[in-house]
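Structure assessment
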Amino acid sequence: MSSAEARRAPFAPPRAARTVPAGLALSLLGVALLAAIAAFMTVGARGSWSFVLQLRGLKVLQMLLVAYAIGVSTVLFQTITNNRILTPSIMGFDALYVLIQTALVFGLGSAALSAIDARATFALELAAMTGFSLLLFRWLFAGGLRSLHLTLVVGIVFGTFFRSLSGFMQRLIDPNEFVVLQDRFFASFNTVNRDLLLAAAGLTLLVSVFGWRMRRRFDVLALGREAAVGLGLDHRRDVTAILVLVAVLVSVSTALVGPVTFFGLLVANLAYQIVPTHRHAAVLPAAAMLAGLCLVGGQLVLERVFAFDTALAVIVEFVGGVVFILLLLKGRGAR
Amino acid sequence: MIEARSVSKSYGPALVVDGVSVTIPKGGVTAVIGPNGAGKSTLLSMVSRLVGMDAGTVTVDGLDVSRTPGDVLARRLSILRQEQAVTVRLTVADLVAFGRYPHSKGRPTIEDEARVEAALAWLGLDELSGRFLDELSGGQRQRAFVAMVLCQDTDYVLLDEPLNNLDLKHAVGMMRLLRRAADELDKTVVVVLHDINFASCYADTILAMKNGRLAHQGPPAEIMRPEVLRDLYEIEVDVEEIGGKRIGLYFDARG
């Protein structure tokens, strides 16, 4: 162990010169994120501190968890699909989640559903989600990406299909139940379900430990299937593992705040710009912190400046959508 | 030694490789030639386990490629495919360093760093090592990928049309380099080529494929004959001996 450690290159001049900005960018992001959290916790606080801190603390925790889940799942999804435009949401992952939710309310009724522990339904949804996404998306990516546009179309068709099916069921159910559903599906960063939040945090931690041990393989997978196989990776196994990871993270974020389509795209591409390295050990934290900064900072501005006049999700989706269109226009020349 | 036994592959109804059995000896340069759609690339992909085979087996030094763990094989055999579309923004040095992955598993030692430097120097890429791949010309990028494959330091190096995108000077440079890799580093080089004359001048053995089958196998002197080439490409090819090398002249061939 020690001899291998000692032989590890301490400094290779050209590489060291490139990693300094990456480290610097990560530290600056970290500081900015901490500042945003501190401001969110304290600005405009009145009354009992313990009450304020607890209420806002849960909100911050939820936003950070969602930010982490969206940032990491998007970057990993883009790594295994070798592109920078597709994201789990664009490919219909969270439409699938909405469909499962709707089917549950349709089949059991919202009264029965709310009687069950939120964590139990979450576990059920998670299992269904992972199984479905593996079945549906495996064959698309197992043989490598054939054509970006074909895949995009397939994703949009799947997404539309899931959404239409959900819409159909929502029209059939009782209006009261529909209100319950609608409440769940409109992305909101204001409501916190404490039990669900803790369960989701635990689960996220679990898959992250598992993912962190694979981080060097992520770098190789980003080269594409053939290069990865040539360098000795079990491509099929690793891609399956990452798809499970992505399915879990998408479930976490959708369960907590509802579907957010373009946010992942926005933070992933910002992260690629800010951190000048291909290493996931730097890109993943950058994407997660950027997402956290956007959500906490955005919510802060929204609550304190605009006094809740508008929803954060609307702004995030607007900016993300614009970035998506810009990337598509730019990508036309490159591909 | 690479041994393929009755290897077949079809894509849908099209049988691309049809029961090919071939032995590629250890050492030297082996060129695979043949018309478009003969199954050259597919055969190479199956040998390097990028594509699964429908029937048959391939062994590399006795290791069955479809059963041997990928990372064991990655230290014996490296492959460079025709198209290299990398979406990640990488510098030349980063790319070449990936060649060490099978050995270092992403934690490069000083020895790995030295080998990366050596591979860069070998291909004359020292000056370009900090440049991003998308800033290079087609030929420079091709050389960077070859450097990565050589950096993998395997006994067997498989290359699928490495002369694509290369002008005359760089094509000759590439073939010389592969020859040197075989002579000086004791590599076994298997290379798919379109230009029969490069095969004739640089290879020790030529495998000629047609319609998914192995048509001929032998040293250049045996393959570079008008009747063999006519049979292979279905055009008349005159063969002249120039400076001790057999050169096929097909530029004004009669069909």
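For the structure itself, consult the block above.
Residues numbered from 1 in each chain as written. Chains lettered and ligands numbered in written order. Predicted model: local features only at pLDDT ≥ 70, side-chain atom pairs only at ≥ 80, totals over all residues. Heavy atoms only, no water.

1. Concerning the overall build of chain B
A count of helices and strands for chain B gives 10 helices and 12 strands. Principal-axis analysis of the C-alpha atoms gives chain B an extent of 55 × 40 × 35 Å. Burial analysis of chain B (255 residues in total) assigns 52% to the buried set. Sequence-distant contacts, at least 24 apart, represent 65% of the contacts inside chain B between residues at least 6 apart. Of the side-chain charges in chain B, 29 are positive and 35 negative, and the distance between the mean point of each set is 3 Å. (Helix = DSSP H or I, 4+ residues; strand = E, 2+ residues; numbered from the N terminus. Buried < 20%, exposed > 50% of the residue type's maximum accessible area, 1.4 Å probe, protein only. Contact = heavy atoms within 4.5 Å. Lys, Arg positive; Asp, Glu negative; His and termini not counted. Charge placed at Lys NZ, Arg CZ, Asp CG, Glu CD.)

2. Here we look at the pattern of salt bridges
Applying the stated criterion to the full structure yields 27 salt bridges over all chains. In this structure, the salt-bridge partner of D238(A) is R217(A), at a minimum N-O distance of 2.9 Å. Of this pair, D238(A) sits in helix α12 (residues 235-257) while R217(A) is found in helix α10 (residues 215-221), placing the two residues 21 residues apart along the sequence. The class of D238(A) is buried, set by a relative accessible area of 2%. Of the residues examined, R217(A) reaches a relative accessible area of 24% and is grouped as partly exposed. Several salt bridges converge on common partners, so that one network encompasses K26(B), D61(B), R76(B) and D155(B). (Salt bridge = Lys/Arg side-chain N within 4 Å of Asp/Glu carboxyl O.)

3. Side note on the sheet that holds strand β5 (residues 63-64) of chain B
All names here are of chain B. On the basis of which strands lie adjacent, the open sheet formed by 4 strands has the order β2-β1-β4-β5 and antiparallel pairing. The outermost strands of the open sheet, each flanked by one partner alone, are β2 (14-24) and β5. Across the face of the sheet, helix α1 (residues 40-47) comes into contact with β1 (2-11), β2 and β4 (55-60) while running at roughly 120° to β1. (Pairing = 2+ DSSP bridges. Axes fitted to C-alpha atoms, helices over the stretch in contact; angles between N-to-C directions.)

4. Quick notes on unusual backbone geometry
Residues and elements named next belong to chain B. Positioned with a positive phi, S6 is a non-glycine residue whose angle comes to about 40°. Relative to the helices and strands, S6 resides in strand β1. Classification of S6 by relative accessible area gives partly exposed; the value is 41%. In the Ramachandran plot, E234 falls in the positive-phi region, its phi being about 60° despite a non-glycine side chain. Inspection of the secondary structure puts E234 in the loop between α10 (226-233) and β11 (238-242). The exposed category is assigned to E234, whose relative accessible area is 56%.

5. Thoughts on the side chain of T102(A)
Relative to the assigned elements, T102(A) resides in helix α4 (residues 93-108). Those residues in contact with T102(A), other than ones at most four positions away along the chain, are S166(A), M169(A), Q170(A), L181(A) and F185(A).

6. Observations concerning the packing of α4(A) against helix α8 (residues 175-185) of chain A
Residues and elements named next belong to chain A. In the contact formed by α4 and α8, the axes pass within 11 Å of each other and the chain directions differ by 160°. Considering the angle they form, α4 stands roughly antiparallel to α8. Crossing of α4 against α8: the hand is right-handed. Taken together, the residues of α8 that come into contact with α4 (itself represented by V98, Q101, T102 and V105) are E177, L181, R184 and F185. Along the lines of polarity and charge, the residues of the contact of α4 with α8 split into 4 nonpolar, 2 polar and 2 charged. (Parallel < 35°, antiparallel > 145°, perpendicular 65-115°, else oblique. Left-handed = near helix turned anticlockwise from the far one by under 90°. Nonpolar A, V, L, I, M, F, W, Y, C, P; charged D, E, K, R; others polar.)

7. Some details on the nonpolar core
Counting 147 residues, the largest nonpolar core has F93(A), L256(A) and F263(A) as the members making the most contacts within it. With 14 residues, α12(A) is the single largest residue contributor to this core. The next biggest cluster of nonpolar side chains, apart from the first, holds 30 residues, and it includes V229(A), V17(B), V32(B) and V51(B). (Core = buried A, V, L, I, M, F, W, Y, C linked by side-chain atoms within 4.5 Å.)

8. Concerning the interface of chain B and chain A
How big an interface is tends to be stated in terms of the accessible area lost upon association of its parts. Tallying the contact residues gives 32 residues for chain B and 26 residues for chain A. Interface area, chain B with chain A, both sides summed: about 2,600 Å², of which 56% is carbon and sulfur. Inspection of the region where chain B meets chain A yields 1 salt bridge. Across the salt bridge formed by R81(B) and E226(A), the nearest N and O atoms sit 3.0 Å from each other. At the boundary of chain B and chain A, one finds 6 residue pairs in polar contact (both at pLDDT 80 or more). (Buried area = accessible area lost by both parts, 1.4 Å probe. Polar contact = N/O pair within 3.5 Å; in protein donor to acceptor, adjacent residues only side chain to side chain.)

9. Points about the packing of aromatic side chains
Applying the stated criterion across every chain yields a total of 4 aromatic pairs over all chains. When the centroid spacing of 5.9 Å and the interplanar angle of 15° are considered together, the rings of F158(A) and F162(A) count as stacked. Of this pair, F158(A) and F162(A) both sit in helix α7 (residues 148-172), 4 residues apart, which is roughly one turn of the helix. The exposure class assigned to F162(A) is buried, which follows from its relative accessible area of 5%. When the ring of Y250(B) is compared with that of F251(B), the centres are 4.6 Å apart and the planes differ by 35°; the resulting orientation is tilted. Residue classification places Y250(B) among the partly exposed positions, given a relative accessible area of 26%. Of the residues examined, F251(B) reaches a relative accessible area of 66% and is grouped as exposed. Here the aromatic residues F158(A), F161(A) and F162(A) are joined through ring pairs into a cluster of three or more. (Phe/Tyr/Trp six-rings, centres within 6.5 Å; stacked < 30°, edge-to-face > 60°.)

The analysis is restricted to geometry; functional conclusions fall outside its scope.
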